[in-house]
Each structure stands twice: as structure tokens, then as C-alpha cells.
Amino acid sequence: MLSYKEALDVILDNTKTLGKEKVFLNQALDRVLAEDIVADRDNPPADNSGMDGFAVRYEDIVGASEENPVILTIEGESKAGGTPPKLQKGQAIPIYTGALIPEGADTVIQKELTKVENGKVYILKELKKGTNIRLQGEDYKKGDILIKSGKKIRPPEIGILASVNKPTVYVYQKPKVGIITTGDEILDIAEPITKQSQIRTSNTYSLYAQVLQTGAQPVIIGFAKDNPESIKENLEYAKNCDVLLTTGGVSVGEYDLVKDFVKEVLDVKIHFWKVSIKPGKPLVFGTWGKENEKLFFGIPGNPVASMVVFEIFVKPALKKMMGYQKLHNPTIDAILTEDFSRKAADRTEFIRLNVEYSDGQFYAKPFGKQASNILTGMVNANGLGIVDIDVYKIEKGSKIKVVMFDMDI
Ligand code: AMP
Ligand code: MG
């Protein structure tokens, strides 16, 4: 059976990045940039003032103090967006933040260090040459690469895109991710429960939300019963997807039919079935499509297994398809606040932990029951603690690696 790392390698080695598409700037938030962004001009484009005050020649204000002010003649004006006059010896030009430095000026003295009387300005302090001047190109120069392809577009990136005049921008396409829910006992929301054995689906909607949160496009294809006709019918509708997720029906039970029918209907090539992880051991992974560019994940039905498998395997693959450079959730070291022990240590286990930050440390608290059918354990958790193969016990107070799936700590 493959280890967690081996399975992840197989998945990522078989995952291809999708093509590009052009979107309007206002639609680009949370997309992944598919082009390098190059500066169209220097920023600032010219020397300008960092303060409201007076543009002066340094030579003219040498030795100025409150007791011995330098007196200069006020001449013209430099305002933002304007073209200032040339500064002559003995003059001071009123200037505002962002306005161009007049030719001949080399220093800006802020208003607070001056006094104006009868058309003259009294300079009350000597400043160093160049004070309060923002230099041309000090942020970036024309031709500099400002943002590299593969970066997620956040509000600061939107700001840069606007400032380099990009009304549209290339981003990577979002994969269409189809979700098929299987199980004779599973009901969709709003379906009336008529038997005690029936289970209301959680996976359909938690997977939908996880896909959406990753930035891809979820599509609920349907609910299949555990019989060949129903499974095949649902699979027919999956043909337009880039990624197919099924939930349930991949264990070794007699009604676990998914693996066989994805081969038959979609010509899925199975790369592995079963990984030594807990929860989520029966995971199936395959590729399909003309160039094996489409992915298939047969996700086990247990609600926690479904969510965990998505976080550790499906999410990095979707991110790779969407052009991300960084594929994995952030991992931190935290101090475990309670003993953890287990009887078998033949699998990498992902335990649900609630991580809090206090006094410069992360503390991780295991929550309630850790069984893979206990979804409330996920609700109380923001991270998955990794217990490696051969580790039977982690003592309270020792460190544990935690894959965070929610950074609102
Ligand atoms: P399976 O993987 O089909 O053997 O299902 C394993 C367990 O997960 C069973 O107890 C199922 O009832 C449960 N299960 C399967 N699918 C879902 C679902 N969509 N929502 C909630 N529980 C499910
Ligand atoms: Mg089932």
C-alpha cells in the first residue's frame, strides 16, 4: 500500500495545469495570475514631494533656525497633477504631497517648519539636502517584473494591476469539479426520511464547499444508488468535468462498485486504491480524458475521511490545475495539550485538532472522539495533526506538526 507521501507524489505527478483565460480586473480577485506583470513606467514616474510645504534649494536654507530664519520669496505653486515653474535662487515654491519637484529645487521643507508673512516665507530649520523628496523609480523601474505568474491575486495585486494599466489580465482556468454521491442509504437535503437506516448526506455539501473554497467550480452531478445502472447513469453526466469526485462505495463491501464502473464508463486509468492513512484508507485515484488530463478521486464515504482526503490530496491537485506555485496548506509546529495514543501505528494518522496561539506558541487540543464518522470533530478543529507511521504515542507537552485548514486562529 502506498504511503501518504507516495500517494501525494503520484497524484501531483499526474496533475496538469489548465490553460489560461482573460478576465476583467474586477473579476480577478482570488484567481491565479497566468502572466508576469511588468511595470509600464517608473514608479514614482518623477521626483515628487512627500509633504505639504515649500520646495527650496538646499544651499538657500543652510544655517536656518528659529532664532535666525532664512527668508525666501514665495513664487508660483506646485500642485499634484500640475507643471511647476522653475525655482530661482532665493525663492520658495509652495508644494503639496505628490506634486512634482520644480526644476532647481532639491529639498522640501514641511509647512510646520516655516512661517509666512507678507509674501515671504521664514524657514525655521535647516534640513538635509533631499529631505521629503520621493525619488523617481524608488518603488520600481519600467520593465521590472512586479508580480510573477502563479501568484494568487489579492487586493494588493489588484492595486498593482490597475497601476500598470491592466484592464484585463490572464489567469488560469478553474477546473469543473463534478461530485457524485453514492449509497442506498444516502438522501439529499429536503428528501423525506422514511426509514431509520437512511442517512442525510453531509459529504455532497462539505465537498462542494471545499471545492468552492479552493477556488474551483463545484458541480453536483447526482445521487447514485449502489447498483450498476444508477452508478453508470450518474457517471455519464460526469463527462464534461475536469475532475470527478465520488463519495462512498470504494471500500471492500459488496456494494462498493464505483471503482469498476469509472473504468467502464469514463475509461479511468486507476493509479492506486488504498493509501496508508487514517482516516481515508480506501481512497482511489485515477486519470482519464483524451490525454489523461482529467482526475478521478474515489473518496471514502465517512464524513471525516471525505473532508480529510480533500484537504490533503484533492486540494493540492486542484491548486496545481489552477496554476498555483504553493500547493499545500500551511503547516505549523504546535504543542499538544493532551496525551495522544493509539493501538496500531501502521498508517499516517491525521487527528483533528483545535489550534490556539498564546504567548508566542501554538497549542493544539484534540477534540472529542477521533473516529472517521464523527463530523463534529471537524467542526471543532482548524488543523490536522500528523501522527507518523510507527508512532504509538505523543505525550502532552510535546510538539506535533499540524496541517492548518483554517487560519482563523
Ligand atoms: P462507504 O464509503 O460507502 O462504505 O460509506 C462509509 C460510511 O459513510 C457509511 O456509514 C455511510 O453511511 C457514510 N456515508 C457515505 N456517504 C455519505 C454521505 N454522502 N454523507 C454522510 N455519510 C455518508
Ligand atoms: Mg456506501
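Residues numbered from 1 in each chain as written. Chains lettered and ligands numbered in written order. Predicted model: local features only at pLDDT ≥ 70, side-chain atom pairs only at ≥ 80, totals over all residues. Heavy atoms only, no water.

A.B. asks: An account of the UniProt feature "domain: MoaB/Mog" (unreviewed entry) in the protein chain is requested, with residue identities and associated values reported.
C.D. replies: UniProt tags residues 178–320 as "domain: MoaB/Mog" (unreviewed entry). Counted over residues 178–320, helix gives 34% and strand 28%. Its end C-alpha atoms are 17 Å apart. (UniProt positions renumbered as here; feature names shortened; annotations may be inferred. Helix = DSSP H or I, 4+ residues; strand = E, 2+ residues; numbered from the N terminus.)

A.B. asks: Go over the sheet that holds strand β7 (residues 107–110), please, and point to the residues and values.
C.D. replies: The strands that make up a sheet are held in pairs by hydrogen bonds between backbone atoms, and each pair lies either parallel or antiparallel. Strand order in this open sheet of 6 strands is β7-β4-β6-β5-β9-β8, and the pairing throughout is mixed. The open sheet has two free edges, formed respectively by β7 and β8 (114–117), since each of these has just one partner strand. Put simply, the sheet's adjacent strands are angled 40 degrees from each other on average, direction ignored. Of the strand pairs in this sheet, strand β4 (residues 53–56) and β7 are connected by 4 bridges, and their pairing is antiparallel. Residue Gly53 lies in a different strand from β7, and its bridge partner there is Gln110. (Pairing = 2+ DSSP bridges. Axes fitted to C-alpha atoms, helices over the stretch in contact; angles between N-to-C directions.)

A.B. asks: Tell me about helix α7 (residues 303–321), residues and numbers included.
C.D. replies: Think of an α-helix as 3.6 residues a turn; residues three or four steps apart then line up on the same face. Across its 19 residues, α7 extends 25 Å between first and last C-alpha, which sits within 8% of the 27 Å expected from 1.5 Å per residue. At Phe310, α7 shows its maximal bend, which comes to roughly 45 degrees. Of all 19 residues in α7, 18 are buried, a share of seventy percent or more. The first or second residue beyond α7 is Gly323, which carries a positive phi of 85 degrees. (Expected span 1.5 Å × (residues − 1). Bend = angle between axes of the 7 residues up to and from the residue. Buried < 20%, exposed > 50% of the residue type's maximum accessible area, 1.4 Å probe, protein only.)

A.B. asks: Give me the domain arrangement of the protein chain: which residues, what numbers.
C.D. replies: Splitting the protein chain by domain gives domain 1 (4–18 + 173–321), domain 2 (20–41 + 145–172), domain 3 (48–134) and domain 4 (331–404). Distance between the C-alpha centres of domain 2 and domain 4: 38 Å. (Domains from an automatic or database assignment.)

A.B. asks: So, the side chain of Glu35: which residues are in play, and what are the values?
C.D. replies: Its location among the elements puts Glu35 in the loop between β1 (20–24) and β2 (37–38). Here Glu35 falls in the buried class, since its relative accessible area comes to 18%. Of note is the side chain of Glu35, whose polar atom sits 2.9 Å from the backbone nitrogen of Tyr170. (Polar contact = N/O pair within 3.5 Å; in protein donor to acceptor, adjacent residues only side chain to side chain.)

A.B. asks: Any chance you could break down the pattern of salt bridges for me, citing the residues and the numbers?
C.D. replies: In this structure the tally under the stated criterion is 15 salt bridges. Of the charged contacts in the structure, one is a salt bridge between Lys239 and Glu236, with a shortest N-O distance of 3.0 Å. Close ionic contact of Glu338 with Lys365 constitutes a salt bridge, the shortest N to O distance being 3.2 Å. Of this pair, Glu338 sits in the loop between β22 (331–336) and β23 (340–341) while Lys365 sits in strand β25 (residues 361–366), placing them 27 residues apart in sequence. Exposure remark for Glu338: the relative accessible area of 33% places this residue in the partly exposed category. One network of salt bridges, with partners in common, ties together Arg57, Glu59 and Asp60. (Salt bridge = Lys/Arg side-chain N within 4 Å of Asp/Glu carboxyl O.)

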